[in-house]
Amino acid sequence: MESNAPDDDRSRNLNDFDEPNLDETQESRLLGGRKEKNVDLGRKICATILAAAFVVGVITLIIQIDPRNQTDSSHDNNNGLIASINRKAIPRIQHQPDNYTQALRKALMFFNAQRSGPLPKHNNISWRGNSGMKDGFIGTNLVGGFYDGGDAIKFNFPQSFAMTMLSWSVIEYSAKYKAAGELNHVKEIIKWGSDYLLKTFDSSADTIDRIYAQVGTGDTSDGSDTPNDHYCWMRPEDMDYPRPVYECHSCSDLAAEMAAALASASIVFKDNKKYSKKLVHGAETLYKFARDRRGRYSAGGAEASIFYNSTSYWDEFLWGATWLYYATGNTSYLERATSRVLAKHAGAFSGGPSYGVLSWDNKLAGAQVLLTRLRLFLSPGYPYEDMLSTFHNQTNYIMCAYLPVFSDFKRTKGGLIQLNRGATQPLQFVVNAAFLATLYADYLDASGIPGFYCGRNFYSAKVLHDFAKTQIDYILGKNPRKMSYMVGFGQNYPKHVHHRGASIPKNKIKYSCDGGWEWKITKKPNPNTIVGAMVGGPDKYDGFRDVRTNYNYTEPTLAGNAGLVAALVALSGNKGKAATTIDIETMFTKVHLSSQMVPGPGPWKP
């Protein structure tokens, strides 16, 4: 992401998606009755055989004449003929994937384009190659991970949040990912990010004193022409300038967010016990560091404050503790997550313009929904019920605020909710809200609760699905400009994305630091299509400028795309009960509530 920030698609057989398993049913007729006299059974049997042979011959002749049934000569055998007859007898019902599923497949490709380090052979981005192969310093290997946006900086803070969001979506909707053929792909993305985060601190230790928070630098505010990741417009593969490593010794927000990322990933990879255990250990080490060494990672003039300034670490304390509780079942984390003092510091009771807005900086809304999940499905009761019921009420308030009938947030004339109060790059906040709304609606459906109250008014869970769909549909092209803000979806999408790798051709020419500027300022479309990238988005008047130099409109980011992926998978699938089913159990794999706990409230009653 630039300052001032608070084409290749995988080949798939789309016909295989959502195709029903058709069983061939045959009607069995029981022939019986009395044996009549003077009936020549032999003659009847012969006549039947001749008639059957005649019918088969006619069918075979029709099949041979009909050009639609001609097959390649290599399959011209009895088996091929039988298969051809079967196909004609029972037509194959094929479903075109819905828009959300198609968009999901593309949105995940963005992460392939953002990989740093040695790329796997199946990465499928033809214009990308190995890069950042010397990241780190003597004795420290920081190769890997993801570039944040259009630049080549690796920011742990938003990268960790992106991985947490992806893991959350997999835990809840693994069946939908599997139906879309993307479960292995998204898990591979999460592992790529998790492996890198494990490199940025001593993950084998129980206690640490530092985290490597950032690789690369981008501050150009002093007018300096020193080569760095913002001044130089170069392909990542060609970087030859120094890439400093920034470490922090007092960074509670960063450490707790990294803990959330590793803890949630441990649930995703629960079947890989060795790796899952490694992730949990790293998460616990990070959370201990967060508590022991209080401070904001972007404080004290750190360069990160220019790009991803953290306003507080209390929300990360709450968020990280919640994920660690789900990852370990250790009730000490639940005690912290339900601490009224901690919730107060995190802003749970204060409201404000960012209340209910989930982002890379503010995780409060995400924690509130996650803890409401616990109350809805397990209801642990005393001593946690007081705060869990409070979080439940606060979650209902947030959902009410998203609805168009209320005025908590303004909307553009085209219908886009303004969660960031009219500031630039609005879409990253919108997709997170769409995910939370859909997920909460699915929680309500799965727990048998028909809806929620906004004051005295009762609303069905369906209104949350409707809200999410209107927002994601806007992003995919249902807006006044008829512009899809996700690259590669539809026909009208941004062609001048603010992205170094996408804007410079792979032509065997290595452009120098400032020599590549010709590709930044050219008015020609990008030579490489960065499929799946969601750009910053339109302004508060639904206006959009497809200009490469204006990153507020045209730059994509990891955090933004992670929220998009989560919202898309939540909305994907055909209509009906199966489409709204979440995985209730996986999140609770490690949770074992004590029998001494006093149960919470009973089933919902109108």
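On a predicted model such as this, the values are computed, not experimentally measured, just so you know.

1. So, the UniProt feature "active site" (unreviewed entry) in the protein
Then comes step 1: When the UniProt feature table is mapped onto this chain numbering, "active site" (unreviewed entry) sits at His498, Asp546 and Glu555. A maximum C-alpha distance of 10.2 Å among these annotated residues, which run over 58 residues, shows that they cluster at one spot.
Then comes step 2: By the secondary structure assignment, histidine 498 is in the loop between α15 (462-475) and α16 (500-503).
Then comes step 3: Residue classification places histidine 498 among the buried residues on the basis of a relative accessible area of 1%.
Then comes step 4: Discounting chain neighbours no more than four positions away, the residues touching aspartate 546 are Tyr493, Pro494, Lys495, His496 and Thr554.

2. Details of the nonpolar core
For soluble globular proteins, nonpolar side chains are generally found buried alongside one another.
Then comes step 1: If you look at the biggest cluster of nonpolar residues, it comprises 169 residues, and the most contacted ones within it are Trp168, Ile211, Trp323, Tyr402, Phe435 and Ile472.
Then comes step 2: With 14 residues, the single largest contributor to this core is helix α14 (residues 427-446).
Then comes step 3: In this structure isoleucine 211 touches Asn156, Thr200, Phe201, Tyr246, Glu247, Cys248, Cys251, Leu254, Ala255, Met258, Leu286 and Phe289, once residues within four positions along its chain are discounted.
Then comes step 4: With seven residues, the next largest nonpolar core counts Cys232, Met234, Met239 and Tyr241 among its residues.

3. With respect to the packing of aromatic side chains
Two descriptors summarise a pair of aromatic rings, namely the distance from one centre to the other and the angle between the planes of the rings.
Then comes step 1: Tallying each qualifying case throughout the model produces 32 aromatic pairs.
Then comes step 2: Between the aromatic rings of phenylalanine 157 and tryptophan 360, the centroid separation amounts to 6.3 Å while the plane-to-plane angle is 80°, which identifies the pairing as edge-to-face. Here tryptophan 360 lies in the loop between α11 (340-345) and α12 (364-377) and phenylalanine 157 lies in helix α4 (residues 156-179), a separation of 203 residues in the sequence.
Then comes step 3: Owing to a relative accessible area of 1%, tryptophan 360 belongs among the buried residues under this scheme.
Then comes step 4: Taken together through their ring pairs, the aromatic side chains of Trp168, Trp319, Trp323, Tyr325, Tyr326, Phe435 and Phe588 make up a single cluster.
Then comes step 5: The side chain of arginine 373 reaches across the aromatic face of phenylalanine 588, ending 4.9 Å from its centre.

4. Description of helix α6 (residues 252-268)
Then comes step 1: The terminal C-alpha atoms of α6 lie 24 Å apart, and with 17 residues this matches the ideal 24 Å at 1.5 Å per residue to within 8%.
Then comes step 2: Burial within α6 is extensive, with 17 of its 17 residues counted as buried.

5. So, unusual backbone geometry
Across the chain, the bulk of peptide bonds are trans and the bulk of non-glycine residues have phi less than zero.
Then comes step 1: The residue after tyrosine 382, namely proline 383, is reached through a cis peptide bond having omega 5°.
Then comes step 2: One can find proline 383 in the loop between α12 and α13 (385-402).
Then comes step 3: Positive phi is not limited to glycine here, since glutamine 425 has a value of about 55°.
Then comes step 4: Looking at the secondary structure, you find glutamine 425 in the loop between α13 and α14.

6. Focus: the state of the cysteines
Then comes step 1: Going through the model one piece at a time under the given rule, you end up with three disulfides.
Then comes step 2: What pairs with cysteine 232 in a disulfide is cysteine 513, and their sulfur atoms sit 2.0 Å apart. What sets the handedness of the cysteine 232 and cysteine 513 disulfide is the S-S torsion sign, and at about -90° it is left-handed. Placement of cysteine 232 in the loop between β4 (211-215) and β5 (245-248) and of cysteine 513 in the loop between α16 and α17 (517-521) is noted, with a sequence separation of 281 residues between them. Neither cysteine 232 nor cysteine 513 differs from the other in exposure class; each is buried.
Then comes step 3: Note on cysteine connectivity: cysteine 400 is disulfide-linked to cysteine 454, with sulfurs 1.9 Å apart. Around the S-S axis, the bridge from cysteine 400 to cysteine 454 shows a dihedral of about -100° and counts as left-handed. Here the residue cysteine 400 occupies a position in helix α13, and cysteine 454 occupies one in strand β6 (residues 451-454), the gap between them amounting to 54 residues. The two residues cysteine 400 and cysteine 454 agree in class, both being buried.
Then comes step 4: Listing the disulfide partners of the protein by sequence rank of the bonded cysteines yields 1-6, 2-3, 4-5.

7. Re the side chain of asparagine 420
Then comes step 1: Secondary-structure assignment places asparagine 420 in the loop between α13 and α14.
Then comes step 2: In terms of polar contacts, asparagine 420 uses its side chain to reach the backbone carbonyl oxygen of alanine 423, at 3.0 Å.
Then comes step 3: Apart from the residues within four sequence positions on either side, asparagine 420 is in contact with Gln425, Pro426 and Phe429.

8. A few points about the pattern of salt bridges
Side chains that differ in sign of charge can pair as their charged atoms come close.
Then comes step 1: All chains considered together, the criterion is met by 18 salt bridges.
Then comes step 2: Linking aspartate 135 and lysine 154 is a salt bridge whose minimum nitrogen-to-oxygen distance equals 2.8 Å. Separated by 19 residues along the polypeptide, aspartate 135 in the loop between α3 (99-113) and β1 (136-137) and lysine 154 in strand β3 (residues 154-155) bring together distant segments of the chain. There is no split in this pair, since aspartate 135 and lysine 154 are both buried.
Then comes step 3: Across the pair glutamate 257 and lysine 363 runs a salt bridge whose closest N-O atoms are separated by 3.1 Å. Residue glutamate 257 is found in helix α6, and its partner lysine 363 is found in the loop between α11 and α12; the two are separated by 106 residues along the sequence.

9. Some remarks on the packing of α3 against helix α19 (residues 558-571)
Then comes step 1: The N-to-C vectors of α3 and α19 enclose an angle of 155°; their axes lie 9 Å apart at closest approach. Relative to α19, the element α3 is oriented roughly antiparallel. Of the two elements, α3 crosses α19, and the hand of that crossing is left-handed. Between α3, through Tyr100, Ala103, Leu104, Ala107, Leu108, Phe110 and Phe111, and α19, the contact on the second element is made entirely by Leu558, Asn561, Ala562, Leu564, Val565, Leu568, Val569 and Leu571.
Then comes step 2: For the contact of α3 with α19, the per-class residue count stands at 14 nonpolar, one polar and no charged.

What counts and how
Residues numbered from 1 in each chain as written. Predicted model: local features only at pLDDT ≥ 70, side-chain atom pairs only at ≥ 80, totals over all residues. Heavy atoms only, no water. UniProt positions renumbered as here; feature names shortened; annotations may be inferred. Helix = DSSP H or I, 4+ residues; strand = E, 2+ residues; numbered from the N terminus. Buried < 20%, exposed > 50% of the residue type's maximum accessible area, 1.4 Å probe, protein only. Contact = heavy atoms within 4.5 Å. Core = buried A, V, L, I, M, F, W, Y, C linked by side-chain atoms within 4.5 Å. Phe/Tyr/Trp six-rings, centres within 6.5 Å; stacked < 30°, edge-to-face > 60°. Lys NZ or Arg CZ within 6 Å of the ring centre and 35° of its normal. Expected span 1.5 Å × (residues − 1). Disulfide = S-S within 2.5 Å. Polar contact = N/O pair within 3.5 Å; in protein donor to acceptor, adjacent residues only side chain to side chain. Salt bridge = Lys/Arg side-chain N within 4 Å of Asp/Glu carboxyl O. Axes fitted to C-alpha atoms, helices over the stretch in contact; angles between N-to-C directions. Parallel < 35°, antiparallel > 145°, perpendicular 65-115°, else oblique. Left-handed = near helix turned anticlockwise from the far one by under 90°. Nonpolar A, V, L, I, M, F, W, Y, C, P; charged D, E, K, R; others polar.

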